[in-house]
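Letter by letter, the chains look like this.
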Amino acid sequence: MDKNQILEEVQEIFRDVLDNENIVLEDATTADDIEEWDSLSHIQLIVAIEKHFKIKFTSKEILSWQNVGEMLDTIASK
Amino acid sequence: MVFNSLPFVLFFVVVFTLYWSAPGRAKLQNWVLLLASYFFYGYASWKMLPLLLVSTIAFYAIGRGIYRTENEKTSSRMTSLGVVLGIGLLVYFKYLNFFIDEFSRMLAGFGLENNIHSFGIIMPLGISFFTFRLISYVLDIHHGKYKPTEDFVTFASYVAFFPCILSGPIDRPKFMGQLTAARIFDYDTAVDGCRQILWGLFKKVVIADNCATYVDTVWGDVSAQSGSTLVLAAVLYSFQLYADFSGYSDMAIGIGKLLNLKVAKNFNYPFFALNMADFWRRWHMSLTSWLTDYVFMPLNIRFRDWGQWGMILAIVINMFLVGIWHGANWTYAVFGLYHGLLFIPLILTGAFQKKAKIHTYEKVDVPVLADCIKMFLTFVLVCIGQLIFRANSVGELGLYLAGICKANIISMPYLHYRYIPAFIALIIMLFVEWKSRKQDHALMIQSLNVSVRWIIYITLLVTTFSFSGIPVSYIYFQF
């Protein structure tokens, strides 16, 4: 799966879980850029992403992401 | 040394002078902090000084080890060693006696008379606070959030930082970022620090110490009190605890400002909380955020497939730990569980995830009725929790609660004119804090006219000296 495709699908998940159609994601996007994205909604996003792509992240992977780009890299590697 | 005492004032005058007489020399300033902190701690408890030093050295070494190793497994093992060591220290000094006594009692309950008894382990002052600094250091390095400090003096001053070592706030390793460059004296920050110290002093001496006399008298003879007195004492205890602890935190933060160092915020006007989740985002913030980052979030991630019930389990464990962090007593365990369970309806309704926002009327700066009711209900729940916290045993708690449920709850509570200054101060505190609710601390009055400011300072000082209660030890020194 190519990264752009993953980005688009993840963006859709963000819009859905955070209930905001205007969210636009880039590689460098972090939680500071999106108001609704806090530590609690972060878990909901992870669950939704895991369900969608049918993958499972490890705790270490989850704690290691500094931005959306790193999250996408992990997804691509699964 | 207690902040509001002559020895401390003398101590701090010396420290302040030495610290600022080395402008532009970070290393020298850090040495002053380190020596001052060790002197401060040694003055309070010289026998435990070696423990502080040795644990600091151990964690400094572990931190460097974790960072240097290329091997993932070794890194994890060293981190675990650090965490186990830190928790081990806490368990040994705080909880071992309790476990031994309970074990002995359990055996006796089974008819196995035994001679097992706890030995006199003395709890080092501040251990609950500095071990948390040490543990967060190794965890942050392991997660790549922080690079270990090359300079031991910087690290040791962070761990032992004297304004905070006895009762917090608990700063994270990024505090050390402030110690790498030389601090330059900032007049506005220093003055703001003085204001915060004054406010903290006022709360502690006028409100907390005076309420303590009333509350201690009541708890000293629970069965003799009317229901209404017990209710009043419960309310006053909540205010006493807040005034004492937030007063101390304000002084610690203010002292930090005099050294141009930013210390973590510990309170955000908790009595304006709209629900229990909101309360815990405003009370003892440095502890709750520590547990959120290192316990709650990892648990939440682990339990994420269990939906809301996963989150509930994570929060109950988290709050249970908040409770027993305070010490080895069943009452603290009950306190923790009580608060954990109160989160359940908030999580199930989704209120937990939402930010609680206070709405005020347009014309008058007063919360809308619905929010007043929420604040009141939250306050009632908090007071009940503080009763659990205050009781020396579950039995004593039961006695107190039974005492409230008596017919004479409809009566005048015990009152005495000596408490009038404290009651007035309490009302003033609530009013001032409401007005300052969006500010870092209640006395950020730099924008007021200079004469008004000085009237306020003098009033507070005179009140503090005239109406000081019988000095009571800071409540959080015992944790």
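Above this text is the structure in question.
Every value quoted in this text rests on a predicted model; they were computed, and no experiment measured them.

Caption draft 1: Here's a closer look at the overall build of chain B. Of the regular secondary structure elements, chain B holds 18 helices and zero strands. For 479 residues, the compact-globule formula gives about 23 Å, and the C-alpha radius of gyration of chain B, at 23 Å, lands near that figure. Principal axes of the C-alpha set define a box for chain B whose edges measure 70 × 70 × 45 Å. Of the contacts made within chain B by residues no fewer than 6 positions apart, 76% connect residues no fewer than 24 positions apart. With an accessible surface of roughly 21800 Å², chain B has 69% of that area assigned to carbon and sulfur atoms. Taking the average location of the 37 positive side-chain charges in chain B and that of its 26 negative ones, the two points are 4 Å from each other.

Caption draft 2: Highlighting the interface of chain A and chain B. At the interface, 13 residues of chain A touch 14 residues of chain B. Across the chain A/chain B interface, buried area totals approximately 1300 Å², and carbon plus sulfur atoms make up 60% of it. Broken down residue by residue, the surface that chain A buries against chain B is led by A:L40, A:I43 and A:L63, which jointly contribute 41%. Applying the counting criterion to the chain A and chain B interface returns four salt bridges. Residues A:E50 and B:R304 are paired through a salt bridge, measuring 2.5 Å at the closest nitrogen-oxygen approach.

Caption draft 3: Highlighting the pattern of salt bridges. With the rule as written, the count across this model stands at 26 salt bridges over all chains. Notably, a salt bridge pairs B:D293 with B:R172, separated by 2.9 Å at the nearest N-O pair. Taken together, the positions of B:D293 in helix α12 (residues 285–302) and B:R172 in the loop between α7 (162–165) and α8 (177–180) put the pair 121 residues apart, joining distant regions of the chain. Residues joined by salt bridges that share partners form a network here, namely A:E50, A:K56, B:R304 and B:D305.

Caption draft 4: How the structure looks around the packing of aromatic side chains. Residues and elements named next belong to chain B. The final tally for this structure, using the stated rule, is 58 aromatic pairs over all chains. On the basis of an interplanar angle of 85° and a centroid distance of 4.9 Å, the ring pair of Y19 and W20 is categorised as edge-to-face. We classify Y19 as buried; its relative accessible area is 0%. In this structure, K94 packs its charged tip against the face of W325, placed 5.2 Å from the ring centre. Here the guanidinium or amino end of R437 rests over the ring plane of W434, the centre of that ring lying 3.7 Å away.

Caption draft 5: A look at helix α16 (residues 394–404) of chain B. Residue and element names in this part refer to chain B. Residues of α16 that are buried include every one of E396, L397, Y400, G403 and I404, and no others. The buried residues of α16 occupy an angular sector of 125° when projected down its axis, which confines them to one face. Where α16 is buried, its residues meet α9 (187–220), α10 (227–258) and α15 (369–390).

Caption draft 6: Just helix α5 (residues 127–142) of chain B, in detail. All names here are of chain B. For α5, spanning 16 residues, the distance from its first C-alpha to its last is 23 Å, which sits close to the expected 22 Å at 1.5 Å a residue. Most of α5 is tucked away: 16 of the 16 residues are buried. Immediately beyond the C-terminal end of α5, within one or two residues, lies G144, with a positive phi of roughly 75°.

Cut-offs applied
Here the residue numbers are simple positions, counted from 1 along each chain's written sequence. Each chain is given a letter, starting from A, and each ligand a number, starting from 1, according to the order in which they appear as written. This being a predicted model, a pLDDT of at least 70 is required before a residue's local features are given, and a value of 80 or more before pairs of side-chain atoms are given or counted; all residues contribute to the totals for chains, interfaces and linings. With hydrogens and water stripped out, all remaining heavy atoms of the structure feed into the side-chain values. Each helix corresponds to a stretch of at least 4 residues labelled H or I by DSSP, and each strand to a stretch of at least 2 residues labelled E; elements are numbered beginning at the N terminus. As a reference, a globule follows 2.2 Å times the number of residues to the power 0.38, and the radius of gyration itself is taken over C-alpha atoms. Contacts were defined at the residue level, with two residues in contact if any of their heavy atoms lie within 4.5 Å. Accessible surface is estimated by sampling points in the Shrake-Rupley manner with a 1.4 Å probe; for residues, cover comes only from the protein chains shown. Positive charges come from Lys and Arg alone, negative charges from Asp and Glu alone, with His and the N- and C-terminal ends not counted. By convention, the charge on Lys lies at NZ, on Arg at CZ, on Asp at CG and on Glu at CD. Each of two parts loses accessible area, computed with a 1.4 Å probe, when they are put together; buried area is these two losses added. Here, a salt bridge means any Lys or Arg side-chain nitrogen found within 4 Å of an Asp or Glu carboxyl oxygen. Working definition: a ring pair exists when centres of Phe, Tyr or Trp rings (six-membered ring for Trp) sit within 6.5 Å. Plane angles under 30 degrees give stacked, over 60 give edge-to-face, the rest tilted. Burial status follows relative accessibility: with a 1.4 Å probe on protein chains alone, a residue under 20% of its type maximum counts as buried, one over 50% as exposed, and anything between as partly exposed. Only Lys NZ and Arg CZ are tested; either one counts as a charge over a ring when it is within 6 Å of the ring centre and within 35 degrees of the ring normal. Each C-beta atom gives one direction from the helix axis, and the arc is the one those directions make. Take the residue count of a helix, subtract one, and multiply by 1.5 Å to get its expected span.

Interpretation note: all reported values are geometric properties and have no functional meaning in isolation.
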